[in-house]
Each structure stands twice: as C-alpha cells, then as structure tokens.
Amino acid sequence: MNPELDLVVERVIRAPRAVVWSAWTEPSRFERWWLPAPALCRVERLEVRPGGGLVTRMSDDGVTFVPHLDASFVVAEELERIVFTNTMDSSWRPANPAPVPMTAEVTLADHPDGTAYRVVVRHGDPGSRKLHEELGFADGWGSVTAQLASVAETEAAG
C-alpha cells in the first residue's frame, strides 16, 4: 500500500468468507449492495474470473438505468482475493474512465468475528488519488462496504 497513491477501506464483516464471496460473485446479491443507497444497481455482466467482465448500470428512480462501470477482473482467487480495474473495459480494450482510473484489490481473511474485509484502491498518480478522495471515496466505498456487510450478515444470520 502506497499512501500517496492508494485509498483503503477496512471492516470486519460478521459473516463467513463464503457468504461475503457470494455477495461479490452472484449478480442478485451484488446488486443489493454495490451502489450507495438509494441508487439502484443492475448487473449486466459479473464474471469473477481473470479476464471476466464487470458491467453495471445505475438508477436513481428505478426506471431509467444509465452506465455506471465497465471494468475487467484481473485476479479472482476464490474466497481470498478479487482485483478489478476500470482502465480496461469488459472487452479488454484500454479505457480512459471518468472521473478516476483505478485498480481495486479486495481481500478476504478469516477473523474471529467473521471476515476481515479490505479494499485497496490504487491510482496511477497522486492527483488521481486526491481527486477520488475529494469526490467522496470514504463515504462512497464506506457506505457500499456497510451495505455489503448488511447483506452478508443478514444472510449469515439466516
């Protein structure tokens, strides 16, 4: 982790890693937490494997969905790590994403209370990192992580 280039979110999710992994890999679960509420998410592609696509759309009214993210998975190590980037679209073509190009690494580890969840979002230069932070990285990624925790913890409680 490079503090001049990277931003981090960490949380303990009170659910087994398998449940958190499913929330990341199953479209119907992913849609429930991926965008900060009240925005709604629609998954167009979720292929959690190296070379797989991640394409989502978002809606503020539940009727009109607009493009949100078109990215590629670089790494998928079951129950342990997911890496994706928006610098390459889901067709593996170079992209120039707005507002910030990034690569995100999600790690899951056992924790006595469930799953230690960590996201490191990497940027290519300090300006991109700063812009992402100013655009509300902590609130945005923090709220979707809280939503992910809620989905996983509710499912684990069963």
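Residues numbered from 1 in each chain as written. Predicted model: local features only at pLDDT ≥ 70, side-chain atom pairs only at ≥ 80, totals over all residues. Heavy atoms only, no water.

(A) Seen up close, the overall build of the chain. Along its length, the chain carries four helices and seven strands. Along the chain, helices and strands appear, N-terminal first, in the series β-α-α-β-β-β-β-β-β-α-α. Against the compact-globule benchmark of 15 Å for 158 residues, the chain has a radius of gyration of 15 Å, which places it among compact chains. Seen through its C-alpha atoms, the chain measures out along the principal axes to roughly 40 × 40 × 30 Å. Sequence separation of at least 24 residues holds for 50% of the intrachain contacts in the chain that already meet a minimum separation of 6. In the chain, which carries 15 positive and 23 negative side-chain charges, the distance between the mean positions of the two groups comes to 2 Å. (Helix = DSSP H or I, 4+ residues; strand = E, 2+ residues; numbered from the N terminus. Rg over C-alpha atoms; globule rule 2.2 N^0.38 Å. Contact = heavy atoms within 4.5 Å. Lys, Arg positive; Asp, Glu negative; His and termini not counted. Charge placed at Lys NZ, Arg CZ, Asp CG, Glu CD.)

(B) Geometry of the packing of aromatic side chains. Inspection of the entire model under this criterion finds 11 aromatic pairs. A centroid spacing of 6.2 Å and a plane angle of 65 degrees characterise the contact between phenylalanine 73 and phenylalanine 84, whose relative ring orientation is edge-to-face. Within this pair, whereas phenylalanine 73 is found in strand β4 (residues 66-77), its partner phenylalanine 84 is found in strand β5 (residues 81-85), the two being separated by 11 residues in sequence. Among the residues examined, phenylalanine 84 registers a relative accessible area of 0% and is labelled buried. Residue placement shows arginine 42 over the ring face of phenylalanine 65; its charged tip is 3.8 Å from the ring centre. (Phe/Tyr/Trp six-rings, centres within 6.5 Å; stacked < 30°, edge-to-face > 60°. Buried < 20%, exposed > 50% of the residue type's maximum accessible area, 1.4 Å probe, protein only. Lys NZ or Arg CZ within 6 Å of the ring centre and 35° of its normal.)

(C) Just the sheet that holds β5, in detail. Across the sheet, seven strands lie side by side as β1-β7-β6-β5-β4-β3-β2; this open sheet has antiparallel pairing. Single-partner strands in this sheet number two, and they are β1 (6-13) and β2 (40-46). Averaged over neighbouring strand pairs, the angle between their axes works out to 20 degrees when direction is ignored. Bridge count between strand β3 (residues 53-59) and β4: six bridges; the pairing is antiparallel. Following the sheet pairing, glycine 53 is matched in β4 by serine 72. Its contacts with the sheet place helix α1 (residues 17-25) against β1, β2, β4, β5, β6 (103-111) and β7 (114-122), and it is angled at close to 155 degrees to β6. Sheet contacts for helix α4 (residues 137-157): β1, β5, β6 and β7; angle to β1, the most-contacted strand, approximately 25 degrees. (Pairing = 2+ DSSP bridges. Axes fitted to C-alpha atoms, helices over the stretch in contact; angles between N-to-C directions.)

(D) Expanded view of α1. Burial analysis of α1 places seven of its nine residues in the buried class, which makes it a mostly covered element. Taken residue by residue, α1 has Arg17, Val19, Val20, Trp21, Ser22, Ala23 and Trp24 as its buried positions.

(E) Here's a closer look at the nonpolar core. In terms of nonpolar packing, the biggest core is built from 38 residues, with Trp24, Trp33, Trp34, Phe84, Tyr117 and Trp141 touching the most fellow members. Elements that contribute at least two residues to this core include exactly β1, α1, β2, β4, β5, β6, β7 and α4. If we skip the residues at most four places from it in the chain, phenylalanine 84 touches Trp24, Trp34, Leu54, Leu69, Ala71, Ser72, Phe73, Val74, Met102, Thr103, Ala104 and Trp141. (Core = buried A, V, L, I, M, F, W, Y, C linked by side-chain atoms within 4.5 Å.)

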